[in-house]
Amino acid sequence: MEMNFATVLGQWPMLLQGLWLTVLLTAFAVPLGVLLGIACAWMRLHAGLAVRTLVASYVEVFRNTPFIIQLFFLFFGLPSLGLRMSPEVASVLAMTLNLGAYACEQIRAGIEATPRGQIEAAQCLALNRMQIFTRVVLPPALNRVWPALTGQIIIVMLGSAVCSQISTEEISYAANLISSRTFRSLESYIVVTLVYLGLAVLLRQFLNWFGPRCVFGRRR
């Protein structure tokens, strides 16, 4: 079979628009998901029993159900309760909640590995509870789990391909549309595979550079 990539690449405006939306979804969902994970990790360790139970339930639900079901629940299920949202908003929310659940457990593991002596030393310096968490506990905890968290962030970015199922016009949506228009399915999916591969590599490089030490004002 003769392959013809020119036909697919001729649809570059659509591919570029899909790529841009994929980047935007990731750019919104990743920081929100990490912040949610940090908040949930703190609550699982320091909040009252009712809050800890609620957070644990959220984590278990989102870690043990398929991402596509979570996405469908938000986009197709919530409207029955009067909560309607656009495909883009539903996609960002689903990606955020999914990442937050996984990040919560990873960050909690990093926090629990903090030596008790560091916390006691911070208490001796008269730091309050929030200062101890944000300045003494959280930075090294993030540094410990950053490789695992980086992998999870990339998985969430790649999972954005599922968002095409609710008509979010990201890169896989563009590939499906180009395939149906040009009847060049193989070429379309080879192109989109290479795009996702490039995105994953670039995102990993960015996260390795923009690690927790960089975030908290320290050089790696």
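What counts and what doesn't
Residues numbered from 1 in each chain as written. Predicted model: local features only at pLDDT ≥ 70, side-chain atom pairs only at ≥ 80, totals over all residues. Heavy atoms only, no water. Helix = DSSP H or I, 4+ residues; strand = E, 2+ residues; numbered from the N terminus. Expected span 1.5 Å × (residues − 1). Buried < 20%, exposed > 50% of the residue type's maximum accessible area, 1.4 Å probe, protein only. Arc of directions from axis to C-beta. Contact = heavy atoms within 4.5 Å. Axes fitted to C-alpha atoms, helices over the stretch in contact; angles between N-to-C directions. Parallel < 35°, antiparallel > 145°, perpendicular 65-115°, else oblique. Left-handed = near helix turned anticlockwise from the far one by under 90°. Nonpolar A, V, L, I, M, F, W, Y, C, P; charged D, E, K, R; others polar. Core = buried A, V, L, I, M, F, W, Y, C linked by side-chain atoms within 4.5 Å. Patch = residues over 30% accessible without salt bridge, like charges linked within 9 Å, V, L, I, M, F, W, Y side chains within 5 Å. Areas by Shrake-Rupley, 256 points an atom, 1.4 Å probe, with all protein chains shown as cover. Salt bridge = Lys/Arg side-chain N within 4 Å of Asp/Glu carboxyl O.

Chemist: Explanation requested: helix H8 (residues 171-182) in the structure shown.
Modeler: Helix length check: H8 (12 residues) gives 16 Å between terminal C-alpha atoms against 16 Å at 1.5 Å per residue, within 8%. Considered for burial, the residues of H8 that qualify are Ile-171, Ser-172, Ala-174, Ala-175, Ile-178, Ser-179 and Thr-182. Buried residues of H8 fall within an arc of 155° about the axis and therefore sit on the same side. Residues of H8 that are buried in the fold lie against helix H1 (5-9), helix H2 (12-46) and helix H9 (185-209). Just downstream of H8, Phe-183 is the residue with a positive phi angle, here 60°.

Chemist: What should I look at first to understand the packing of helix H6 (residues 116-124) against helix H7 (residues 129-159) in this one?
Modeler: The relative placement of two packed helices comes down to the angle between their axes together with the axis-to-axis distance. Packing of H6 against H7 brings their axes to within 10 Å, and their N-to-C directions diverge by 160°. Judged on the interaxial angle alone, H7 and H6 are roughly antiparallel. Of the two elements, H6 crosses H7, and the hand of that crossing is right-handed. Across the interface between the two elements, Gln-118, Ile-119, Ala-122 and Gln-123 of H6 pack against Ile-132, Val-136, Val-137 and Pro-140 of H7. Looking at the contact of H6 with H7 residue by residue, the classes come out as six nonpolar, two polar and no charged.

Chemist: Can you help me understand the nonpolar core in this one?
Modeler: Soluble, globular proteins show a tendency: their nonpolar side chains are buried together. Ranked by internal contacts, the top residues of the largest apolar core, which has 60 residues, are Ile-107 and Ile-153. Counting only elements with at least two residues in this core, the list comes to H2, helix H3 (49-63), helix H4 (67-77), helix H5 (87-112), H6, H7, H8 and H9. Once residues lying within four places of it in the same chain are set aside, the contact partners of Ile-107 are Val-34, Gly-37, Ile-38, Ala-41, Leu-138, Leu-142 and Val-145.

Chemist: What should I look at first to understand a nonpolar patch on the surface in this one?
Modeler: Together, Leu-194, Leu-197 and Val-201 give the surface a local cluster of nonpolar side chains, amounting to about 290 Å² of exposed area. Turning to its location among the elements, Val-201 is positioned in helix H9. For Val-201, a relative accessible area of 43% translates into the label partly exposed.

Chemist: Sorry if this is basic, but what is going on with the pattern of salt bridges here?
Modeler: When the charged atoms of two side chains with opposite charge come close together, those side chains can pair. Evaluated as defined, the whole model comprises four salt bridges. Where Arg-44 meets Glu-105, a salt bridge forms, and the shortest distance between an N and an O atom there is 2.8 Å. Taken together, the residues Arg-44 in helix H2 and Glu-105 in helix H5 connect sequence positions 61 residues apart. Of the charged contacts in the structure, one is a salt bridge between Arg-108 and Glu-112, with a shortest N-O distance of 3.5 Å. Here Arg-108 and its partner Glu-112 are both found in helix H5, four residues apart, which amounts to about one turn of the helix. Each member of the salt-bridge network shares a partner with another, and the members are Arg-44, Glu-105, Arg-108 and Glu-112.

Bear in mind that shape data such as this cannot, by itself, settle questions of function.
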